[in-house]
Amino acid sequence: MQIRHDWTKIREEFPTLSKKNYLNSCSLGLLSNRSRGALTRYMDLWTELGAAAWYSEWMAEISAVREGFASLINADVDEIAVLPSISAALAAISSSLNLGEGDQVVTTALDFPTVPHHFLAKSKTGVETAVVASSDRISVDLDRISSAVIDRTRLIATSRVYFTSGFVQDVGAIAEIGHRKDALVFIDDYQGNGQVPIDVKAAGVDVLVAGGLKWLLGGPGIAYMYVRRDLVAELEPTVAGWFGNRDQFSFNPNEMVFRDDAARFETGTPSVAAVFTAAEGLRIVNELGPEAIRERTSALTARLVSRLEDEGFGLRVPEETERHASITMIEMEDPAAAVEELARRNIIVDHRPGAVRISPYFYNTQNDIDEVVEALREIRTALEP
Ligand SMILES: Cc1ncc(COP(=O)(O)O)c(C=O)c1O
């Protein structure tokens, strides 16, 4: 049975909401009082304990984020690595695959650029990157992805939720496509995790990454990587550091023995401040539950889409509501000017080429939605007479 949350009360956790209509969580999730308190606690421990903070509390909080992320995606703690960014996760995995001459990687034109960029930079070592096109800028046909996967494909790297359209991909189907050709499947779940439930075991993906910045309410400087258990031992990165060493505290410069768990993909000292704010963000998301969050954001998104359609706006959104996450693209002639004018009215949204992007989260209300639609209607009249 799903718990009924008091969403109005939950809003009090996020002080920004008392001043702004904040509809930009896919750029940056809001800071909660709890994360602010955690950051203060981190600094207090540093002040009081100095280096001893590492052993008594800081390491424990690193374990807490591992646990928090694992429970969110139905993984085990030893399948989770804590990293600074998705780019670092890509480096860990592609170095483990030892990609080189003739190897091919498949990604798509709608993926966040850090994914294609990572592989395109390897072209000088003979790695080919197939960037599968989208015909509508909303989704990428699974048949096209399937056709791009060839015998030389080592990896499919793509998102569960596209950052420019809010489309939720069928990652289970993508896993099947990859595995048919013995390619691994790397899912960038930065835009899905927290707002759309995922069970990595059921989906059958090999690697899934997400970061603290957005729907996980953790702020910048932290990312999480799930690696399927039976793959962990097979993958030995060539980008490495002492946090990935099994005997980290033996300080032996002559031997690199990787840890048995997914922490082998970790390299250097983590940003503990980010770990503290992120741990609290993960606790909030886990307590609310991604199912309840999805129900809430789906209702907000449905209202947003229907009100915008009533007003005659051109939308770039998935047709099926179950494939539409909480990211809505509204086509406008001058999206930057619209975003600026909305900000003047204390309504915070974002823009990407050709469109205004609105991304409500569980802390938003139907009033927030009505307000932004009304403001957009006025702005359109002023900007596009
Ligand atoms: C889908 C997606 N992937 C990755 C990133 C960020 O990648 P990195 O952690 O390497 O900065 C973002 C946004 O910042 C994103 O929206």
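Treat the numbers as computed from the prediction; the structure is a model and nothing was measured.

**Student:** How do you make sense of the overall build of the protein when you look at a structure like this?
**Tutor:** Broken down by element type, the protein carries 13 helices and 13 strands. The C-alpha atoms of the protein give 21 Å as radius of gyration, which agrees with the globular expectation for 385 residues (21 Å, within 12%). Its C-alpha atoms give the protein principal-axis dimensions of roughly 70 × 55 × 40 Å. With 385 residues in all, the protein has 47% of them scored as buried. Contacts spanning at least 24 positions in sequence make up 71% of the contacts within the protein whose residues lie at least 6 apart.

**Student:** Would you take a moment to explain the domain arrangement of the protein for this structure?
**Tutor:** One frequently used descriptor of interface size is the decrease in accessible area upon assembly of the parts. You can read the domains of the protein as domain 1 (7–26 + 290–383) and domain 2 (36–287). Counting from both sides, the interface comprises 19 residues of domain 1 and, opposite them, 20 residues of domain 2. Of all the elements in the fold, those that place two or more residues in the side of domain 1 that touches domain 2 are α11 (290–310) and β10 (328–331). Among the elements that line the side of domain 1 that touches domain 2, the one with the most residues is α11, at five residues. Of the residues that constitute the side of domain 1 that touches domain 2, the class distribution is nine nonpolar, five polar and five charged.

**Student:** Would you mind going over the site of the ligand with me for this structure?
**Tutor:** Close to the ligand lie 13 residues; Ser85, Ile86, Ser87, Phe112 and Tyr190 are nearest. For the shell around the ligand, the class distribution of residues is six nonpolar, six polar and one charged.

**Student:** Got a minute to help me understand the sheet that holds strand β6 (residues 184–188) in this structure?
**Tutor:** In a beta sheet, neighbouring strands pair by backbone hydrogen bonds and run either parallel or antiparallel. Spatial ordering of the open sheet is given by β2-β8-β7-β6-β5-β3-β4, a layout of seven strands whose pairing is mixed. Among the strands making up the open sheet, the edge pair consists of β2 (80–83) and β4 (128–132). Each adjacent strand pair in this sheet contributes to an overall mean axis angle of 20°, direction not counted. Examined bridge by bridge, β2 and strand β8 (residues 223–227) share four bridges and lie antiparallel to one another.

**Student:** When you look at helix α3 (residues 52–73) in this model, what are you seeing that I'm missing?
**Tutor:** Each full turn of the α-helix corresponds to 3.6 residues, which orients residues three or four apart in the same direction. Between its first and last C-alpha atoms α3 spans 32 Å; for 22 residues at 1.5 Å apiece the expected length is 32 Å, and the two agree. The largest bend along α3 measures about 40° and falls at Trp58. Residues of α3 that are buried: Glu61, Ile62, Val65, Arg66, Gly68, Phe69, Ala70, Leu72 and Ile73. Contact partners of the buried residues in α3: β2, α8 (200–203), β7 (207–211), β8, α10 (272–288) and α11.

**Student:** Where do I start with the sheet that holds strand β13 (residues 355–358) in this structure?
**Tutor:** The strand order β9-β10-β13-β12 describes an open sheet built from four strands, whose pairing is antiparallel. The open sheet has two free edges, formed respectively by β9 (314–316) and β12 (350–352), since each of these has just one partner strand. For this sheet, the mean inter-axis angle between neighbouring strands, taken without regard to orientation, is 35°. Of the pairings in the sheet, the one linking β10 to β13 comprises four bridges and is antiparallel in character. Looking across to β13, one finds that Thr328 is bridged to Ile358. Contacting β9, β10 and β13, α11 runs over the sheet at an angle of about 15° to β10.

**Student:** Explain the pairing of β7 here, please?
**Tutor:** Residues in a regular strand project their side chains so that they alternate between the two faces of the sheet. In terms of burial, β7 is a largely internal element, five of the five residues being buried. By the alternation rule, side chains of β7 split into Val207, Val209 and Gly211 and Leu208 and Ala210, which are all buried. In this sheet, β7 lies alongside β6 in parallel orientation, the contact comprising three bridges. Considered in β7, the bridge of Ile187 is made with Leu208.

**Student:** Before we go on, may I ask you to explain the packing of helix α12 (residues 335–344) against helix α13 (residues 366–383) in this structure?
**Tutor:** Angle between the axes and distance between the axes are the two parameters that describe a pair of packed helices. Running from N to C, α12 and α13 point in directions that differ by 130°, and their axes come no closer than 10 Å. When the axes of α12 and α13 are compared, the pair comes out oblique. For the pair α12 and α13, the sense of crossing is right-handed. Mapping the contact onto sequence places Ala337, Ala338, Glu341 and Leu342 in α12 and Ala375, Leu376, Ile379 and Leu383 in α13. Split into classes, the residues belonging to the contact of α12 with α13 amount to seven nonpolar, no polar and one charged.

What counts, and at which threshold
- Residues numbered from 1 in each chain as written.
- Predicted model: local features only at pLDDT ≥ 70, side-chain atom pairs only at ≥ 80, totals over all residues.
- Helix = DSSP H or I, 4+ residues; strand = E, 2+ residues; numbered from the N terminus.
- Rg over C-alpha atoms; globule rule 2.2 N^0.38 Å.
- Buried ≥ 20, exposed ≤ 12 C-beta atoms within 10 Å, placed from the backbone.
- Contact = placed C-beta atoms within 7 Å.
- Domains from an automatic or database assignment.
- Nonpolar A, V, L, I, M, F, W, Y, C, P; charged D, E, K, R; others polar.
- Near = placed C-beta within 6 Å.
- Pairing = 2+ DSSP bridges.
- Axes fitted to C-alpha atoms, helices over the stretch in contact; angles between N-to-C directions.
- Expected span 1.5 Å × (residues − 1).
- Bend = angle between axes of the 7 residues up to and from the residue.
- Parallel < 35°, antiparallel > 145°, perpendicular 65-115°, else oblique.
- Left-handed = near helix turned anticlockwise from the far one by under 90°.

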